[in-house]
Amino acid sequence: QVQLAESGGGLVQAGGSLKLSCAASGHTFSTHAMGWFRLAPGKEREFVAAISWSGDATNYADSVKGRITIYRDNSMRTVYLQMNSLTPEDTAVYYCAACPYRDYVGGDVLTYHYWGRGTQVTVSS
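Computed from a prediction, not measured in an experiment: that's the story for all the values here.

For the structure on display, the rule yields 4 salt bridges. Here D90 ties to R38 by a salt bridge, and the two come within 2.9 Å at their closest N and O atoms. With D90 in the loop between β8 (78-83) and β9 (92-99) and R38 in strand β4 (residues 33-39), this residue pair connects regions lying 52 residues apart in the sequence. Its salt-bridge partner being K65, residue D62 comes within 3.2 Å of it at the nearest N-O pair. In this structure, D62 and K65 share a single accessibility class: exposed. A network of salt bridges, in which partner residues are shared, links R38, E46, R67 and D90.

Here you go:
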């Protein structure tokens with residue numbers, strides 16, 4: 001069992017940066033791949049980024065490549081999402097999720113078994 005809690009969301013102007021954190025409880029964090037997803041009003045949940053258990057493999061949605069970086073600290077049981085050059089289109093609730101297939105870095109929501117409650121990111125123009 002993995003419990004997840006996101007933090008770091010907020011209001012930022014376009015062009016600004018935010019760093020989201022996702023803290024995990026439980027002893028199995030380091031064996032899980034981790035992902036970030038987002039849900040904007042009127043849209044479907046969207047894959048943002050994923051990272052393997054070791055951090056050696058990452059994957060990003062095309063819409064965020066070059067602007068967003070996912071990384072993790074297994075000793076702290078935390079995964080991060082550094083977001084730069086934010087635009088209003090990045091406004092959404094951001095969720096982290098844990099996948100028991102430790103090398104998985106895809107965006108299939110069904111592969112992620114544990115989810116946090118989300119943190120709101122609002123980018124003003």
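In strand β1 (residues 3-7), alternate side chains face the same way, and those of L4 and E6 are buried while those of Q3, A5 and S7 on the opposite face are not. In terms of strand pairing, β1 meets strand β3 (residues 18-25) through 5 bridges, oriented antiparallel. Pairing of E6 across the sheet is with C22, part of β3.

This part takes up the side chain of D90. Judged by relative accessible area, D90 falls into the buried class, the value being 1%. If we skip the residues at most four places from it in the chain, D90 touches R38, R67, S85, V121 and V123.

Enumeration over the complete set of coordinates arrives at 1 disulfide. Across the disulfide, C22 is cross-linked to C96 (sulfur-sulfur distance 1.9 Å). Here C22 and C96 share a disulfide; its torsion about the S-S bond, 50°, makes the bridge right-handed. One end of the pair, C22, is in strand β3; the other, C96, is in strand β9, with 74 residues separating them in the sequence. Of all cysteine sulfurs, the one in C96 lies closest to C99, which takes part in no disulfide; the gap is 13 Å.

It is worth spelling out unusual backbone geometry at this point. Positive phi is not limited to glycine here, since R77 has a value of about 55°. Within the element layout of this structure, R77 appears in the loop between β7 (68-73) and β8. A positive phi is found at S85, a non-glycine position, where the angle reads about 50°. Position of S85 among the secondary structure elements: in the loop between β8 and β9.

This part is about the nonpolar core. Here is a general trend for soluble globular proteins: nonpolar side chains tend to be buried in one another's company. Residues W36, L81, M83 and Y94 are the most contacted members of the largest nonpolar core, which totals 37 residues. Put simply, the parts of the chain that give this core at least two residues each are β3, β4, β5 (46-51), β7, β8, β9 and β11 (119-124). When residues of this core are assigned to their parent elements, the largest contribution, 6 residues, is made by β9. If near-sequence neighbours (up to four positions away) are discounted, L81 is found in contact with L18, K19, L20, W36, V48, A49, I68, T69, I70 and Y94.

Rules used throughout
- Throughout this description, residue numbers start from 1 for each chain and increase along the sequence as written.
- Totals for whole chains, interfaces and linings use every residue, but because this is a predicted model, local features are given only for residues with pLDDT of at least 70 and side-chain atom pairs only at 80 or more, for both listing and counting.
- Hydrogens are left out, water is left out, and the side-chain values use all remaining heavy atoms of the structure.
- The salt bridge definition used is simple: a Lys or Arg side-chain nitrogen within 4 Å of an Asp or Glu carboxyl oxygen.
- Helix numbers and strand numbers start at the N terminus; a helix is a DSSP run of H or I with at least 4 residues, a strand a run of E with at least 2.
- Using a 1.4 Å probe on the protein chains alone, a residue whose accessible area is under 20% of its type maximum counts as buried, one over 50% counts as exposed, and one in between counts as partly exposed.
- Pairing between strands is defined by DSSP: at least two bridges between the two strands are required.
- Note on contacts: a residue pair qualifies if any of its non-hydrogen atoms lie within 4.5 Å across the two residues.
- Pairs of cysteine sulfur atoms within 2.5 Å are identified as disulfides in what follows.
- Here, nonpolar core refers to any group of buried Ala, Val, Leu, Ile, Met, Phe, Trp, Tyr and Cys residues whose side-chain atoms link them within 4.5 Å.

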